[in-house]
Amino acid sequence: MATLCRGFSRICLHKCVIQQGLHRGYSAGAAYQYILVEKKGKYQNVGLIQLNRPKALNALCDGLMTELNQALETFEGDPHVGAIVITGSEKAFAAGADIKEMQNRTFQECYGGSFLSHWNRVSTVKKPVIAAVNGYALGGGCELAMMCDIIYAGEKAQFGQPEILLGTIPGAGGTQRLTRAVGKSLAMEMVLTGDRVSAHDAKQAGLVSKVCPVDKLVDEAIICGEKIASNSKLIVSMAKEAVNAAFELPLTEGNRLEKRLFHSTFATDDRKEGMTAFVEKRKTNFTDN
Ligand code: HXC
């Protein structure tokens, strides 16, 4: 499938679905206009979504976000997929929400129509999502990356919240997630000036966990996804829930939730298998139960 799909074409996805007999997860008619989707990794257990609107530097128009959500749903429901990677092009992860689409919107339309309410889907996926960011991650693009669980950046990546230069402010979590990730001073500076930070500065500030050569970035993100996918999907989701609770709950409540989830792992086959495999000095064979 990897060879067949190297070109990421829509027809190719269709062909792969048929040739691989993948009846679950992908609908044979899945044809995306703004994204390219395939499964990667030795065991085809990492879902890769590439934002593919090059003429607009992957500006996140409504159609693109709708397709992204559909692809996430598909991977979320695919029992073989244990992690998801979202990437863009070498020039742009995403240059933000589509300014041309927003230009003439009124307050009444935004407020009444709950504008951008469907942008949150990435942050509610149970499976781990890795953003592989090359080039620009600006405005909604930076916010999309921050909705993911892990951010890897190519050496030339640039992160920014330039909404202030357009007379608006971040609207998809930028003021909240950025502040939690990099602290008040840098978040304020980025949000109030619109200045961008480099991949290396983003790494130093804690926004990204790894900086890679541009041409190695996606492969590195897939390797990370494969490592995650080799663990129990059930337990991975619990671990993700526990880490995410650190952003929502006071310490006592977060620790309480963690303890409950930890205890819950003892109701699973995979916890038993993991510890038994260690004691028997053999590889684990997780069943996601
Ligand atoms: C719509 C965009 C776009 C965007 C780029 N394009 N960003 N279209 N929305 N966010 C389009 C340009 O109009 C142009 O198409 C083409 O992509 C190439 O862009 P250029 O500007 O010619 O490229 P370059 O000179 O290389 O500059 C790259 C850039 C610049 C620095 C990234 O494009 C830029 O500043 N873009 C806007 C970044 C931004 O402000 N993002 C925040 C958006 S607001 P045409 O056809 O015109 O030549 C936002 C709010 C989020 O995200 C709120 C919650 C979701």
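Residues numbered from 1 in each chain as written. Predicted model: local features only at pLDDT ≥ 70, side-chain atom pairs only at ≥ 80, totals over all residues. Heavy atoms only, no water.

- The protein chain is annotated in an unreviewed UniProt entry as Enoyl-CoA hydratase, mitochondrial from Hymenochirus boettgeri.
- Annotation of the protein chain in UniProt includes, under Pathway (unreviewed entry), the sentence "Lipid metabolism; fatty acid beta-oxidation." (UniProt positions renumbered as here; feature names shortened; annotations may be inferred.)

## Quick look at the pairing of strand β5 (residues 129–133)
The two faces of the sheet receive side chains in turn, since in a regular strand these alternate between them.
Piece 1. Among the five residues in β5, five count as buried, and that is most of the element.
Piece 2. Examined bridge by bridge, strand β3 (residues 83–87) and β5 share four bridges and lie parallel to one another. Each residue of the ladder has a partner; that of Ile84, found in β5, is Val129. (Buried < 20%, exposed > 50% of the residue type's maximum accessible area, 1.4 Å probe, protein only. Helix = DSSP H or I, 4+ residues; strand = E, 2+ residues; numbered from the N terminus. Pairing = 2+ DSSP bridges.)

## Overview of the site of the ligand
Piece 1. Taken together, 25 residues surround the ligand, and among them Ala95, Ala97, Ile99, Lys100 and Gly140 come closest.
Piece 2. Ala95 has a polar backbone atom sitting 2.8 Å from a nitrogen atom of the ligand.
Piece 3. A distance of 2.8 Å separates an oxygen atom of the ligand from a polar backbone atom of Ala97.
Piece 4. Considering the ligand on its own, with 1000 Å² of exposed area, one finds that the protein chains cover 67% of that surface.
Piece 5. Listing elements by their share of the shell around the ligand, those giving two or more residues are α3 (99–102), β6 (136–138) and α6 (140–147).
Piece 6. For the shell around the ligand, the residue count by class is 14 nonpolar, four polar and seven charged. (Near = heavy atom within 4 Å. Polar contact = N/O pair within 3.5 Å; in protein donor to acceptor, adjacent residues only side chain to side chain. Areas by Shrake-Rupley, 256 points an atom, 1.4 Å probe, with all protein chains shown as cover. Nonpolar A, V, L, I, M, F, W, Y, C, P; charged D, E, K, R; others polar.)

## A short note on the sheet that holds strand β4 (residues 92–94)
Piece 1. Overall, mixed pairing links the four strands, which are arranged β4-β6-β8-β9 in an open sheet. Both outer strands of the open sheet, β4 and β9 (196–198), are each paired with one neighbouring strand and no more. Going across the sheet, the axis of each strand differs from the next one's by a mean of 20°, ignoring polarity.
Piece 2. Taken strand by strand, α6 contacts β4, β6 and β8 (158–160), and its axis lies near 95° from that of β6. (Axes fitted to C-alpha atoms, helices over the stretch in contact; angles between N-to-C directions. Contact = heavy atoms within 4.5 Å.)

## Some remarks on the sheet that holds β3
Piece 1. In space, the six strands of this open sheet follow the order β1-β2-β3-β5-β7-β10, with mixed pairing throughout. In this open sheet, the two edge strands, each paired with only one partner strand, are β1 (35–40) and β10 (210–212). With strand direction ignored, the average angle separating the axes of adjacent strands in the sheet is 20°.

## Considerations on a nonpolar patch on the surface
Piece 1. On the surface, a nonpolar cluster with roughly 500 Å² of combined accessible area is contributed by Ile164, Leu165, Ile169, Met188 and Leu192.
Piece 2. Tracing the chain through its elements places Ile164 in the loop between β8 and α7 (174–182).
Piece 3. Ile164 gets classed as partly exposed once you look at its relative accessible area, which sits at 34%. (Patch = residues over 30% accessible without salt bridge, like charges linked within 9 Å, V, L, I, M, F, W, Y side chains within 5 Å. Salt bridge = Lys/Arg side-chain N within 4 Å of Asp/Glu carboxyl O.)

## Focus on the packing of helix α11 (residues 233–245) against helix α12 (residues 251–265)
Piece 1. Here α11 crosses α12 at 170°, and the two axes come no closer than 9 Å. Judged by the inter-axis angle, α11 sits roughly antiparallel to α12. Between α11 and α12, the contacting residues are Ile235, Met238, Glu241, Ala242 and Ala245 on the first element and Leu257, Leu261, Ser264 and Thr265 on the second.
Piece 2. Considering only residue class, the contact of α11 with α12 consists of six nonpolar, two polar and one charged. (Parallel < 35°, antiparallel > 145°, perpendicular 65-115°, else oblique.)

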